[in-house]
Structure formats: structure tokens, C-alpha cells
Amino acid sequence: MSDVLVLVGHIAGQVGKPGLELLTLARRLGDPVVVCAGTADEAAVETLGRYGAERVHVIESDEPQEYPVAWVRALAALAADVRPVAVLTESTPDGREIAARLSVRLDGGVLTDAVDVQAGPDGPVVTQWAFAAGYTVTSRVVRGVPVIAVKPNAVVPSEAPVTPSVTRGALVLEEADRRTRVVSRTARESTGRPQLTEADIVVSGGRGLGGAEQFALVERLADALGGAVGASRAAVDSGWYPHTHQVGQTGVTVSPQLYLAVGISGAIQHRAGMQTSKTIVAVNKDAEAPIFELADYGVVGDLFEVVPQLLDEVARRRA
């Protein structure tokens, strides 16, 4: 089979879930070749192999952390060597920029925010959601190497164990590659919860909570379910929860297996950021709230009565 380049990025001790999702999709197209930097130790290589990586190419340089364009140079050089049928990366701000720059280098096409990738007779066929997921679009690149940026949670990672070979390469940057540099990084404060964009379960709170102190109820439910905490724009604008947790058109787009909307009316701005979730459950005392048009399951009631009962039931089933 033909090779598929998969940009996993900088590995710092463990492989993130989005990288395993990319490997799962890459296996549909060919033999995955992982491109990474950092501490790709034996454990990380074993994890990548467990999810189907035929080869792990380690860039022996920390420069991709400082100069994002370094990834473009590394991928372009490797693509010239292996002639891949596609290149996959995450659809994050960095991932989309790398994908766009790389497509120019490879004289191909770029498709971003993919939610599915399948092999087709004329190359990879990509599914995307457009206009706040109001439409489903299927696309393919008609010239050159397809560069595809995939949204987190597009697929459930599945194992396909192999023993990968490991190659290592140096990276030599030109002066032009150093014109854009990351000047500082701030580590995300650990809450013990999964990242919002990667979580299988998201519990979001909105205006119906009535205040910042009430978000403790949302946090308790998220912790009981092993999920992440989100917030509506109204809650964020009121200062009840950090902007980094805002779900919506001007915040984060999520697509978990389960999305619980607690006290959220469901304005279009919020729906644009979560309506592709696999299962949506809404709790709101307003039976006419727009969120119920989207929800798979809805509870019309006071969240301060419903959520504690839900917590009790979760605890009972785990006892």
C-alpha cells in the first residue's frame, strides 16, 4: 500500500488522543508514517505501533516548537521521499496553518475541518460540515497530494497493532523559516479533566445557572462522568467561567460522544459549536428553549433539582 504521512507533532512523554484518531483514519488510505519530534521514547513508539503506525519518523530537533514553519519543511522533505497518497494533521489553529502552507509547497490541495476520511477510487474522499453543520459536504483534492486537517473526535481510535520501524532525521531551516517564531508558551492549568476539544463527554453550563458559584454543580457532574466542562457565551460574558471553555461559534467547537447542556437556551451561536455531538441531552426549565429542537433527550425542569438527582443516580450505578 501507499504511505500516508501523519503529523502527530511534539511528543512529551505520551501520545495524545487526536494523534491516535489520525492513525485510525490514515489506515483507511494506506500505511501510516508518523512524523513527530520530542521524546519519542520506546513507550510512545509502542503506542503509535499499537494504533497502526508502520513507521515513526522522529525529527531530532526542538525547532518545530519554536518555529512552526519547521513542520512544513520537514513534511515537504519527507513527502518528496515517500510520495504519500495524503498528509493528515489536526484541525487546530497550528494544524490548519501547517496544512495550508504544506499544500502550497506540494502544489496540491488542502481540506480542513474534516469529520471523516474514506478511500475513494480517485483519492481520499473527505466529509466536512458547513454553515454551522447545517450541510454535509463531501470533497476531494483533484491535483497533487491531498493535505487534510481533521477535527478532534471525528473517529473513535481503534487498535491495529504492528511493530513500527523508527527513522530519525535532522532538520535544517532556512532564514525564511525563522521569520515566524513562537515567543512564549503558557502551560494549561491542570484540572484533572480532559481537554475540552478532546473529551468524549462535555457538560456545559449557561445563563440558567444564575452565577459563577453555581458552576460547581456543572463541575461535579463533569467529574462524575469523567468529562470536560464547557460554558455558553452568556455565562462567559458574565464572567462566570473562563473564555477558554466557551463552546460556540466564537469559542471552541466540540463533537463529543455525549454533550449535556445545563441551563443553556440554545442560541444559534452556541449550537454552531456543539450540534455535531453524537448524543445531546438538555436540561432547561423553559419547554420552548431552542436547545430542545436539537437535543436527543430533553428534561424540562429546574436544573437545581434535576442535576443533583442525576449525580445521585450516577453514584448509585457506580456503587
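Residues numbered from 1 in each chain as written. Predicted model: local features only at pLDDT ≥ 70, side-chain atom pairs only at ≥ 80, totals over all residues. Heavy atoms only, no water.

1. Examining the overall build of the protein chain
Along its length, the protein chain carries ten helices and 14 strands. Over its C-alpha atoms, taken along the principal directions, the protein chain stretches across nearly 60 × 40 × 35 Å. Counting only contacts in the protein chain whose residues sit at least 6 apart along the sequence, the fraction spanning at least 24 positions is 65%. When the accessible area of the protein chain is evaluated, it comes to approximately 15300 Å², of which 48% is carbon and sulfur surface. For the protein chain, the centre of its 29 positive side-chain charges and the centre of its 38 negative side-chain charges are spaced 3 Å apart. (Helix = DSSP H or I, 4+ residues; strand = E, 2+ residues; numbered from the N terminus. Contact = heavy atoms within 4.5 Å. Areas by Shrake-Rupley, 256 points an atom, 1.4 Å probe, with all protein chains shown as cover. Lys, Arg positive; Asp, Glu negative; His and termini not counted. Charge placed at Lys NZ, Arg CZ, Asp CG, Glu CD.)

2. Some details on the packing of helix α4 (residues 69-82) against helix α5 (residues 93-105)
Where α4 meets α5, the axes come as close as 9 Å, and the angle between the chain directions of the two elements is 40°. By the angle class used here, α4 and α5 are oblique. Considering the relative orientation of α4 and α5, their crossing is right-handed. Residues V69, W71, V72, R73, L75 and A76 of α4 form the contact with α5, whose own contacting residues are I98, R101, L102 and R105. (Axes fitted to C-alpha atoms, helices over the stretch in contact; angles between N-to-C directions. Parallel < 35°, antiparallel > 145°, perpendicular 65-115°, else oblique. Left-handed = near helix turned anticlockwise from the far one by under 90°.)

3. Examining the packing of aromatic side chains
All chains considered together, the criterion is met by one aromatic pair. When the centroid spacing of 4.6 Å and the interplanar angle of 20° are considered together, the rings of F215 and Y241 count as stacked. Of this pair, F215 sits in helix α6 (residues 215-225) while Y241 sits in the loop between α7 (233-237) and β12 (258-262), placing them 26 residues apart in sequence. The buried category is assigned to F215, whose relative accessible area is 1%. By relative accessible area, which is 12% here, Y241 ends up buried. Stacked on the ring of Y67, the Lys or Arg R178 has its end atom at 5.4 Å from the ring centre. (Phe/Tyr/Trp six-rings, centres within 6.5 Å; stacked < 30°, edge-to-face > 60°. Buried < 20%, exposed > 50% of the residue type's maximum accessible area, 1.4 Å probe, protein only. Lys NZ or Arg CZ within 6 Å of the ring centre and 35° of its normal.)

4. Quick word on α5
Taking 1.5 Å as the rise per residue, α5 with 13 residues should run 18 Å; its terminal C-alpha atoms sit 19 Å apart, in good agreement. For α5, the complete set of buried residues consists of G95, I98, A99, L102 and S103. Considered in projection along α5, the buried side chains sweep an arc of 130° and stay on one side of the axis. Along α5, the residues that are exposed and aim more than 90 degrees away from the buried face are P93 and V104. For α5, the elements touching its buried residues are β1 (3-12), α4, β4 (86-90), β5 (109-118) and β8 (146-150). D107 occupies a position one or two residues after α5 and carries a positive phi of about 55°. (Expected span 1.5 Å × (residues − 1). Arc of directions from axis to C-beta.)

5. A short note on the packing of α6 against helix α10 (residues 303-318)
Packed helices, taken two at a time, are described by their axes: the angle between them and the distance between them. Where α6 contacts α10, the axes come no closer than 10 Å and their chain directions differ by 25°. Looking at the two axes, α6 sits roughly parallel to α10. In the packing of α6 onto α10, the handedness of the crossing is left-handed. Within the contact between the two elements, α6 uses L217, R220, L221, A224 and L225 and α10 uses L303, F304, V307, P308, L310, L311, V314 and R318. For the contact of α6 with α10, the per-class residue count stands at eleven nonpolar, no polar and two charged. (Nonpolar A, V, L, I, M, F, W, Y, C, P; charged D, E, K, R; others polar.)

6. A short note on the layout of surface pockets
Its volume calculated, the second largest pocket comes out at about 330 Å³. What lines the second largest pocket is a set of 19 residues, among which R207, G208, G263, I264 and S265 lie closest to the centre. At the level of secondary structure, the elements contributing two or more residues to the lining of the second largest pocket comprise α7, α8 (268-271) and α10. Here the residues of the lining of the second largest pocket are counted per class, giving five nonpolar, ten polar and four charged. (1 Å grid on protein atoms, 1.4 Å probe; cavity = no way out; pocket = protein on both sides within 12 Å on 5 of 7 lines; lining within 4 Å. Points joined across faces, edges and corners; volume = space filled by probe spheres on them.)

7. Some details on the environment of A70
Relative to the elements of secondary structure, A70 occurs in helix α4. On the basis of relative accessible area, A70 is assigned to the buried category, the value being 0%. Among residues more than four places away in sequence, those in contact with A70 are E63, P64, L171 and L173.

8. A look at the sheet that holds strand β14 (residues 297-300)
Strand order across the open sheet formed by five strands is β11-β10-β12-β13-β14, with parallel pairing between neighbours. Of all strands in the sheet, those with a lone pairing partner are β11 (228-231) and β14, marking the two edges. Each neighbouring strand pair of the sheet contributes to a mean axis angle of 15°, computed without reference to strand direction. The pairing of strand β13 (residues 279-284) with β14 spans four bridges and is classified as parallel. When the sheet's bridge partners are listed, V281 is paired in β14 with Y297. On the sheet, α6 packs against β10 (201-205), β11 and β12 and is oriented at approximately 170° with respect to β10. On top of the sheet, α10 reaches β12, β13 and β14; it is set at about 145° to β12, its chief contact. (Pairing = 2+ DSSP bridges.)

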